[in-house]
Every structure is written in C-alpha cells, then in structure tokens.
Amino acid sequence: MYDPGGNNYIGNTPIDPDAPVVAPSDLRATAVSYDRIDLIWNDLSENEDGFSVERRFGTTPFSQVAVLGPGSQQYVDTDNLNENTRYYYRTRAFRQGIQSDYSNEASAVTAYSPVLSPSNLTASTFSA
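All figures in this text were calculated on a predicted structure; none of them were measured in a lab. (Residues numbered from 1 in each chain as written. Predicted model: local features only at pLDDT ≥ 70, side-chain atom pairs only at ≥ 80, totals over all residues. Heavy atoms only, no water.)

Undergrad: Go over the pattern of salt bridges, please, and point to the residues and values.
TA: Within this structure, the stated rule accounts for five salt bridges. The partner of R36 in a salt bridge is D38, and the shortest N-O contact between them spans 2.7 Å. Close ionic contact of R90 with E54 constitutes a salt bridge, the shortest N to O distance being 2.8 Å. With a gap of 36 residues between them, R90 in strand 8 (residues 86-95) and E54 in strand 5 (residues 50-57) connect regions that are remote in the sequence. Its relative accessible area of 8% is what places E54 among the buried residues. (Salt bridge = Lys/Arg side-chain N within 4 Å of Asp/Glu carboxyl O. Helix = DSSP H or I, 4+ residues; strand = E, 2+ residues; numbered from the N terminus. Buried < 20%, exposed > 50% of the residue type's maximum accessible area, 1.4 Å probe, protein only.)

Undergrad: Describe the sheet that holds strand 3 (residues 25-33), naming the residues involved and giving the relevant values.
TA: Strands pair in a sheet through their backbones, by hydrogen bonds, and they do so in one of two ways: parallel or antiparallel. One open sheet accounts for three strands, arranged 3-4-7; its pairing is antiparallel. Each edge of the open sheet is held by one strand with a lone partner, namely strand 3 and strand 7 (74-77). Across the sheet, the mean angle from the axis of one strand to that of its neighbour is 15 degrees, orientation sign disregarded. Bridge count for strand 3 against strand 4 (residues 36-42) is six bridges, and the pairing is antiparallel. Within strand 4, the position partnered with A31 by the bridge is I37. (Pairing = 2+ DSSP bridges. Axes fitted to C-alpha atoms, helices over the stretch in contact; angles between N-to-C directions.)

By themselves, these figures tell us nothing about what the structure is for.
Encoded structure:
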C-alpha cells in the first residue's frame, strides 16, 4: 500500500527503501500447445517495481521476453515459439535499478503443431 505521507507500507509495517529485492521462487513452466508456454512463480519480495522474464533454447543465451508489473506471478509466452522445442526460463524482481537474484530455471517442451486436414477435396469418376 502507499501512504500519501510518502511512506510505503505492507500492512502497518513500513517498507525499508534500502531493503534488498527478494528473488522469486518455485518458477514452473507448462507447455500448453505448440505455440504457448505458461509460467507461474511465487513473489517473495514486498518492495519490487516489477519482474523481468528471460528465455533461452538450446545453447543460446537468455534474453528478456517480458517486463511485468509489481505483484506479478504469471506470464503466458506466445512470442515466436517453435514446435517440439525445449525452452528454459528464469525471472527476477527489480526495484529502481536494483535486481534480485534469478529464480530457479524451469523448462517446458512445446508440442508438435497440429496436422491440418486437407480442404477443398474433390473426387471425380473416370470409368465405370
């Protein structure tokens, strides 16, 4: 909560502006389809400005895929995912240029894309 007097509070306890930002925990990734992975985690920090979510696949380095607001505990990744690919994720909290440690890494493998049925199929008879 925010106090109009200029102090930040959790309940009746003021938040120390110099307190460290605590890393999120228990990051979990679930592949929902060939183009969607859902992430959830526990927000253990009481003073973050938000969260950054990073992703990698194979041996590529992690890169940021999202910046989320304070109190966030989930993210749905649908950004340029490939079918049948394992993606690795990590997240961390931040506040005014201070970043927490990273969460645990979590991974999920996207499904194969669905096989589409043929359309506009026609049949012709050529002989009796």
